[in-house]
Amino acid sequence: MEPVDDLYSSQKVLKPIKTKRSPAKQVEGDDEKPEDIKEEEEPLSPTARIFHEPCFNVYVIAIAGCKTRINVDVVKANLGHTLLRHPRFSSLQVKDMKKGGEMKWVRTKIVEDYISDLSKTSIDFSKPLWEIHFLNIKTSDAESTAVFRIHHSLGDGMSLMSLVLACTRQISDPEALPTLPAKNSSNPVNSGGIWSKLRLSWNSFVDIWMFVATTLFLSDTPTPLNGDKKTKEGGVRSRRFVYRTVSLDDIKLIKNGMKTTINDVVMGVSLAGLSRYLNRKYGETKGDKGATEKKNNLPKNIRLRATLLINIRPSPGIHTLAEMMEKNSKAKWGNQLGSILLPFTVALYDDPLEYVRQAKAIIDRKKHSREVVLSSIFIEIVLKLFGIKAATYLFESVPNRTTICFSNMVGPIEEIGFYGHPLVFLAPSCYGQPHGLMIDFQSYINKMTVVLSVNGEIISDPHPLCNDFEESLKLIKDAVIARGLVKENSTI
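Definitions and limits used
Residues numbered from 1 in each chain as written. Predicted model: local features only at pLDDT ≥ 70, side-chain atom pairs only at ≥ 80, totals over all residues. Heavy atoms only, no water. Helix = DSSP H or I, 4+ residues; strand = E, 2+ residues; numbered from the N terminus. Buried < 20%, exposed > 50% of the residue type's maximum accessible area, 1.4 Å probe, protein only. Contact = heavy atoms within 4.5 Å. Areas by Shrake-Rupley, 256 points an atom, 1.4 Å probe, with all protein chains shown as cover. Core = buried A, V, L, I, M, F, W, Y, C linked by side-chain atoms within 4.5 Å. Phe/Tyr/Trp six-rings, centres within 6.5 Å; stacked < 30°, edge-to-face > 60°. Pairing = 2+ DSSP bridges. Axes fitted to C-alpha atoms, helices over the stretch in contact; angles between N-to-C directions. Salt bridge = Lys/Arg side-chain N within 4 Å of Asp/Glu carboxyl O.

This part covers the overall build of the protein chain. A count of helical and extended segments in the protein chain gives 12 helices and 15 strands. Counting the 492 residues in the protein chain, one finds 53% classified as buried. The long-range fraction of contacts in the protein chain, counting pairs at least 24 apart against all pairs at least 6 apart in sequence, stands at 76%. By element, 55% of the accessible surface of the protein chain is carried by carbon and sulfur atoms, the whole surface being about 23000 Å².

Structure, rendered in structure tokens:
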């Protein structure tokens, strides 16, 4: 496959604009000083370039519910001191003709018109690639809703979460930034003797070959979650977004009772919910309208895998915006994403706790592998040798041949406000990716929001799937309490 010099030939070519950029230390609201201003233009990262390919044109959707009606004027007035101070949110993506049309970021000041521009169905590439929509309509969850639409080439979930948090303050202390849960610095891969190293090498070898096989030919079994056809390049993928907020304390109760992690629990709940949903759907195809989890309608040997998005920065977790903008930071801003393939065992178990055990076994196995690093290196090598089209083909092949995209993000542990508007929930997701189903878990205070982004042509009504997730969490929690593994009020 030949290298492609012209990344996005269908877009109007924009000439580079020489602009000024303030250093990272000024991003969070300090006044600029003339002596601090310097010129800077940045090339797009390899992943950001892939996110511009027609077959992988991905956007981020973040939904935040507020306790009060949104004061649009207040938000607009404050955005200029926080979000708009970040260079990516006041920059254009233009072609550098001196480097064969390579795309780069160039700072501009054309930003104000987009804040109130709610009518566009896609973002104009001649302007900064983000929008915010305000909906002062009461729902069952909130008095009003703010929706951010951001092109994924601007940054990954960790970057964008740090930016959104920089726009918020604690309700109890309006001058204080949000507090995030403490980071877990333990790394089981770096511990152990020769056996551990041999296990790591073998697992990495198997996983990278499974990754290569998936990019080339190995596809998941067609199910009601993915259908038996994929969207062709440039095709329209209509998405529907639903979310359900459950108790984070319930998840912690299960975690404590089973001595696992929150990741293990939410993955186990997902396994259980997906199994219930598929069992019912297969029952309906057999004419059994009353199909339930008690009657096994599942076919044997279903291959169903999830692509789990992983932060590959040297420093884990979400960092403050100032940290991410520091020069040589280990938590660098941008798209620093890798992925691993998680095999999901779709089955009906008499013991609800078996789903969490299965999830823990899968995640523990993946912790002893370098799959995420090796797969990222593999994509970068292909990009350098064969160009953006070849790298995009590989980058898209994995989600095209797997069923689910999965993500889990931590959020603030106390109530926060968006320029004085208290938030009741956070619900991030994406659209534009090939997966028929994307599952996001987002924690906030003592809540966990489950967000489903679905291909509407495959899953026309995602609400029953949301119900299955909620019911699965209840069944697992009840089983933990019934067996005396933990007291009902124990959530530490």
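Read on, since the account is not over.
What follows concerns the nonpolar core. Grouped together as the largest cluster of nonpolar side chains are 60 residues, with contacts concentrated most on Leu83, Phe89, Ile150, Phe418 and Leu423. Excluding residues within four positions of it along the chain, leucine 83 makes contact with Phe89, Trp130, Phe148, Leu163, Cys167 and Tyr419. If you look at the next biggest cluster of nonpolar residues, it comprises 52 residues, including Leu253, Ile302, Met448 and Ile476.

Of note, aspartate 207 is situated in helix H5 (residues 194–216). Classification of aspartate 207 by relative accessible area gives buried; the value is 4%. Beyond its immediate sequence surroundings of up to four residues, aspartate 207 is in contact with Arg365, Lys366, Ser369 and Glu371.

With a phi close to 60°, asparagine 301 is a non-glycine residue in the positive phi region. By secondary structure assignment, the location of asparagine 301 is in the loop between helix H7 (262–285) and strand E9 (304–311). A residue is classified by how much of its surface remains accessible, and asparagine 301, at 75% relative accessible area, is exposed. The phi dihedral of isoleucine 445 is positive, around 55°, even though this residue is not glycine. Positionally, isoleucine 445 belongs in the loop between strand E14 (437–444) and strand E15 (447–455).

As a further point, take the packing of aromatic side chains. Counted under the stated rule, the structure contains eight aromatic pairs. Here the aromatic rings of phenylalanine 148 and phenylalanine 418 are separated by 5.6 Å at their centres, their planes lie at 80°, and the arrangement is edge-to-face. With phenylalanine 148 in strand E6 (residues 144–151) and phenylalanine 418 in strand E12 (residues 416–418), the pair connects residues that are 270 residues apart, well separated along the chain. A single burial state applies to phenylalanine 148 and to phenylalanine 418, both of which are buried. Counting every residue linked through ring pairs, the aromatic cluster contains Phe148, Phe418 and Tyr419.

Attention now goes to the sheet that holds E15. Pairing is mixed across the open sheet formed by six strands, whose spatial order is E8-E15-E14-E11-E9-E10. The open sheet is flanked by strand E8 (239–247) and strand E10 (337–344), the only strands paired with a single partner. Pairs of neighbouring strands in the sheet enclose a mean axial angle of 20°, with direction left out of account. In terms of strand pairing, E9 meets strand E11 (residues 404–409) through three bridges, oriented parallel.

Glancing now at the pattern of salt bridges. Counting across every chain of the model gives 16 salt bridges. Residues lysine 281 and glutamate 284 are paired through a salt bridge, measuring 3.7 Å at the closest nitrogen-oxygen approach. A residue pair is termed a helical-turn pair when its members lie 3 or 4 positions apart in one helix, as lysine 281 and glutamate 284 do in helix H7 at three residues. Relative accessible area serves as the criterion here: at 30%, glutamate 284 is assigned to the partly exposed category. The salt bridge partner of arginine 357 is glutamate 354, with a shortest N-O separation of 3.1 Å. In this pair, arginine 357 and glutamate 354 are both assigned in helix H9 (residues 353–367), three residues apart and thus about one turn of the helix distant. When its relative accessible area of 36% is taken as the criterion, arginine 357 is described as partly exposed. Glutamate 354 gets classed as partly exposed once you look at its relative accessible area, which sits at 22%. Among the ionic contacts, a cluster of salt bridges with common partners joins Asp207, Arg365, Lys366 and Glu371.

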